[in-house]
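The chain contents come next:
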Amino acid sequence: MRFDEVLCRSDGSAIAEELAALRTPGRFVLDGVHQVSAREHRQFRLDIDDVRQAWTLDRQRMPTISFRDGVLHSEDSDFEDTFEHSTAAGGVVRMALPDRLVCWGRGPESFSPVLVQHVGVHSILVTFEHQHDPAFRTTLVVDERDGIARRRMDGAEVTIVTQVRPVSPDETLPRARFTPLTDWIRPSC
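Just so it is clear, the model here is predicted, and its values are computed rather than measured.

How each quantity is defined
Residues numbered from 1 in each chain as written. Predicted model: local features only at pLDDT ≥ 70, side-chain atom pairs only at ≥ 80, totals over all residues. Heavy atoms only, no water. Helix = DSSP H or I, 4+ residues; strand = E, 2+ residues; numbered from the N terminus. Rg over C-alpha atoms; globule rule 2.2 N^0.38 Å. Buried < 20%, exposed > 50% of the residue type's maximum accessible area, 1.4 Å probe, protein only. Contact = heavy atoms within 4.5 Å. Lys, Arg positive; Asp, Glu negative; His and termini not counted. Charge placed at Lys NZ, Arg CZ, Asp CG, Glu CD. Pairing = 2+ DSSP bridges.

A. Examining the overall build of the chain more closely. Across its full length, the chain holds 2 helices and 11 strands. In sequence order, the secondary structure elements of the chain are arranged as α-β-β-β-β-β-β-α-β-β-β-β-β. Over its C-alpha atoms the chain spans a radius of gyration of 16 Å, differing by no more than 12% from the 16 Å that the globule rule assigns to 189 residues. Relative to its 189 residues, the chain shows a buried fraction of 45%. When contacts within the chain are restricted to residue pairs at least 6 apart in sequence, long-range pairs at least 24 apart make up 47% of them. Between the averaged position of the 23 positive side-chain charges in the chain and that of its 30 negative side-chain charges there is a distance of 6 Å.

Written as structure tokens, this is what we have:
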């Protein structure tokens, strides 16, 4: 990976592939918070198994959505889909698979990475720039130990993954419970 140098739009696909190579396939549970405005946030728990191509997203004050056996189950309906396409439905699902975000400058994507840096002990910070407005930037922090994104800032939206844990493929998780946030969310990486 090319660190600490300005990148070209055409470098985005290679950076996404290098981040994907950090990911160990398996089942993981991600807990976090997705903030869509200064006054609105929702906690979430994502159970994703990229080997079995299944995921379940529990969201605070919202219906659960999931993908299993080629079917996306949403609050509106159930319909056939692919695993890759279904990951866009939950918004935060692609935090587990950051190479699938639509910001790597591939084809019609309007954002592409312009800088990759090491930050902290084991984190990679990627700064993205809009192709038509270089002042419009977003950032993504990926843990280099597992390839899972921990923070994403995209305009007014912020997604913070507070915990990642591997789980066995057959483990049954208890129902998701969300406790009220009482303090600012500290970075974990």
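B. Main features of the pairing of strand β11 (residues 157-166). Here strand β1 (residues 27-37) pairs with β11 via 8 bridges, running antiparallel. When the sheet's bridge partners are listed, Gln35 is paired in β11 with Val158. With 4 bridges joining them, strand β10 (residues 149-154) and β11 adopt antiparallel strand pairing. Residue Met153 lies in a different strand from β11, and its bridge partner there is Val158. The turn linking β10 back onto β11 is made up of 2 residues, and Gly155 within it adopts a positive phi angle of 65°.

C. Here's a closer look at the side chain of Arg23. Here Arg23 is to be found in the loop between α1 (12-22) and β1. What makes Arg23 buried here is its relative accessible area of 9%. Every residue in contact with Arg23, bar those within four places of it in the chain, is listed here: Phe28, Ile48, Asp50, Ala96, Leu97, Asp146, Gly147 and Ile148.

Read these as layout, nothing more, since geometry by itself doesn't imply function.
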